[in-house]
Amino acid sequence: MTYPLTLQNLNTCPSDAFIEALASIWEHAPWVPERVLAQRPFASVAELHGAMVNVVAALDEADRVAFYAGHPELAGADARRGSMTDDSIAEQGSLDLASLDADTAQRWDALNLAYRTRFGFPFILCIRRHTRASALRAFEQRLQHDRATELAAALDEITAITRLRLEQRVNPSSIDTATPTPA
């Protein structure tokens, strides 16, 4: 499927095309769009996105943590190697996180290690809503959270990340005005 998509395309395309079109929105998790297939047609892109977020939110804690663990660390080794998904490369690239000087990279690495040790998954942040300085402040602040608070915060950030990714892929004129075609 080519970009930009329309809501009508997503509502009427074959199942495999639907999954392929939306899989990269969810870091290494094509099962997320697969699990909402039966809910088509969606009345809006917001409804589609909400259905996918609900799939992740409904996971038990162990499965949610496993899903979170599939996300790259901010300014981590994968960023420096360029071995992340295209979306993550672009997002982290907006703050030039792949080319930090040695001292700054060491600070991010220490934060990543502390966070992963405390919570068991990487720090997840919708980097497009931050500067490098505000991302570091958020990192340090969220390290103080308890586990339940941080599990919820990570889901909130993933919700923001995936909403922006979905909006990039769907034709803006179809985002919330398209009428679904009955299946």
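In the block above lies the structure referred to throughout.
Residues numbered from 1 in each chain as written. Predicted model: local features only at pLDDT ≥ 70, side-chain atom pairs only at ≥ 80, totals over all residues. Heavy atoms only, no water.

### Quick look at the overall build of the chain
If you tally the helices and strands in the chain, you get 10 helices and 0 strands. Overall, the chain shows an N-to-C arrangement of helices and strands of α-α-α-α-α-α-α-α-α-α. A burial count over the chain gives 48% of its 183 residues as buried. In the form shown here, the chain has an accessible surface area of approximately 8,700 Å², with 52% of it arising from carbon and sulfur atoms. (Helix = DSSP H or I, 4+ residues; strand = E, 2+ residues; numbered from the N terminus. Buried < 20%, exposed > 50% of the residue type's maximum accessible area, 1.4 Å probe, protein only. Areas by Shrake-Rupley, 256 points an atom, 1.4 Å probe, with all protein chains shown as cover.)

### Details of the packing of helix α5 (residues 61-69) against helix α10 (residues 147-169)
Contact geometry for α5 and α10: axes closest at 11 Å, N-to-C directions at 50 degrees. When the interaxial angle is binned, α5 and α10 end up oblique. Read as a crossing pair, α5 and α10 show a hand that is left-handed. On α10, the residues that touch Glu61, Arg64, Val65, Phe67 and Tyr68 of α5 are Arg147, Leu151, Ala154, Leu155 and Ile158. (Axes fitted to C-alpha atoms, helices over the stretch in contact; angles between N-to-C directions. Parallel < 35°, antiparallel > 145°, perpendicular 65-115°, else oblique. Left-handed = near helix turned anticlockwise from the far one by under 90°. Contact = heavy atoms within 4.5 Å.)

### Description of empty space enclosed by the protein
Scanning all chains against the criterion turns up 2 cavities of 30 Å³ or more. As for the second largest cavity, its lining consists of Ile25, Trp26, Glu27, His71, Ile158, Ile161, Thr162 and Arg165. Counted by class, the lining of the second largest cavity contains 4 nonpolar, 2 polar and 2 charged residues. (1 Å grid on protein atoms, 1.4 Å probe; cavity = no way out; pocket = protein on both sides within 12 Å on 5 of 7 lines; lining within 4 Å. Points joined across faces, edges and corners; volume = space filled by probe spheres on them. Nonpolar A, V, L, I, M, F, W, Y, C, P; charged D, E, K, R; others polar.)

### Observations regarding helix α8 (residues 102-119)
With 18 residues, α8 should cover 26 Å at 1.5 Å per step; its first-to-last C-alpha distance of 25 Å lies within 8% of that length. The backbone nitrogen of Asp103 lies 3.1 Å from a side-chain oxygen of the residue at the head of α8, namely Asp101. Gly120 lies just past α8 and shows a positive phi near 85 degrees. (Expected span 1.5 Å × (residues − 1). Polar contact = N/O pair within 3.5 Å; in protein donor to acceptor, adjacent residues only side chain to side chain.)

### Points about the pattern of salt bridges
As enumerated under the stated definition, the model contains 5 salt bridges in all. A salt bridge links Glu27 to Arg165, with the nearest nitrogen and oxygen atoms 3.1 Å apart. Pair noted here: Glu27 is in the loop between α2 (15-23) and α3 (31-34) and Arg165 is in helix α10, with a separation of 138 residues, a long-range link. When the shortest N-O distance is used, the salt bridge between Glu150 and Arg142 registers 2.4 Å. The pair Glu150 / Arg142 is uniform in exposure class, with both members buried. (Salt bridge = Lys/Arg side-chain N within 4 Å of Asp/Glu carboxyl O.)

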